[in-house]
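Coordinates in review
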Amino acid sequence: MTDDGPGARPPQERGWPVGGAVARSFPREVLAAETLAAARALLGARLVRDALPGLAARRVGRIVEVEAYLGLDDRASHARMGPTDRNRVMFGPPGIAYVYLVYGMHCCLNVVTEASARPAALLVRAVEPVEGADAMREARAVAGGGRRSAATGGRVPRPIPNARLAAGPGLVAAAFGIDRTHTGLDLCDPASSLRLEARPPDEPAPEIAATPRIGISYAPEAWASVPWRFIVPRSPSLSRRS
DNA sequence: GCAAAGATTTGCT
DNA sequence: GCAAATCTTTGCC
């Protein structure tokens, strides 16, 4: 599907100059709408982290893979057991970051969607590096990665290709230096150091495909197979090769 | 209060 | 292709 999603044409062209170009914040109303529509609109949008002066350059990624988790009924969603200390922000307003720790070692970034009445969020599973690839590589080195050194036997690890720097939910967080302290951050606020920006006007809307979600085999079949994972099929940065 | 599993990634078999 | 690494949250006793 290549039709323009709801986010293709923001009702209001909010913009501000950044490095000669004009960056547009990602419209909150798109995230406030139905989650599956918001998921499609989020593909092609930018995840931006401002430079950390003296520490890291500005990092920008093109979102190419997201998963939707919606409602109390979704047996694969963290919201399935109602509000808890961990998932509480999912029950709040749209555009807010929800970051959780999974498998005791990886953080995953979610964007809260829909009104407070319904708990829903989009898991950002992969982005294509657009700017600051070196900073992403350094951040991943700091994060350490899943399995620690030990068996490397002193060998020099193979350098990570740019396209694979943030090709997975845990890797997105690692590459952008995102952790649970970012939970509650407003990703639609241009003043936030970590935020979403709309796809550049001169960039065509991405092709979109839908597949079942990944890593949720614990959920009942109906929920495990529903096609709520949305990808840009030709991207070299998907979490799984296609 | 304790045991089990998880929206993952990696390196070795 | 499989299992380890690692710790928080959930579920059951």
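First things first, this report covers the structure right here in the doc.

The rules behind each value
Residues numbered from 1 in each chain as written. Chains lettered and ligands numbered in written order. Predicted model: local features only at pLDDT ≥ 70, side-chain atom pairs only at ≥ 80, totals over all residues. Heavy atoms only, no water. Near = heavy atom within 4 Å. Polar contact = N/O pair within 3.5 Å; in protein donor to acceptor, adjacent residues only side chain to side chain. Helix = DSSP H or I, 4+ residues; strand = E, 2+ residues; numbered from the N terminus. Nonpolar A, V, L, I, M, F, W, Y, C, P; charged D, E, K, R; others polar. Buried < 20%, exposed > 50% of the residue type's maximum accessible area, 1.4 Å probe, protein only.

**Quick notes on the protein's contact with DNA strand B**
Around DNA strand B, 23 residues are found, and the nearest of them are His78, Tyr100, Asn110, Arg140 and Tyr218. For DNA strand B, the backbone portion of the atoms within 4 Å of the protein, that is sugar and phosphate, comes to 60%. At 3.4 Å from a base nitrogen of DNA strand B is found a main-chain nitrogen or oxygen belonging to alanine 76. One of the side-chain nitrogen or oxygen atoms of arginine 140 is found 2.3 Å away from a phosphate oxygen of DNA strand B. Secondary structure elements with two or more residues in the surface near DNA strand B: strand E5 (97–102), strand E6 (106–112), strand E7 (120–131) and helix H4 (169–176). The element best represented in the surface near DNA strand B is H4, accounting for three residues. Grouping the amino acids of the surface near DNA strand B by side-chain chemistry returns 11 nonpolar, eight polar and four charged.

**Section: unusual backbone geometry**
A positive phi is found at tyrosine 103, a non-glycine position, where the angle reads about 55 degrees. Along the chain, tyrosine 103 turns up in the loop between E5 and E6. Residue tyrosine 103 is classed as exposed on the basis of its relative accessible area, which comes to 68%. Although it is not a glycine, glutamate 114 adopts a positive phi angle of roughly 60 degrees. Residue class for glutamate 114 comes out buried when judged on its relative accessible area of 9%.

Everything listed here is a matter of coordinates, which is why it stays silent on function.
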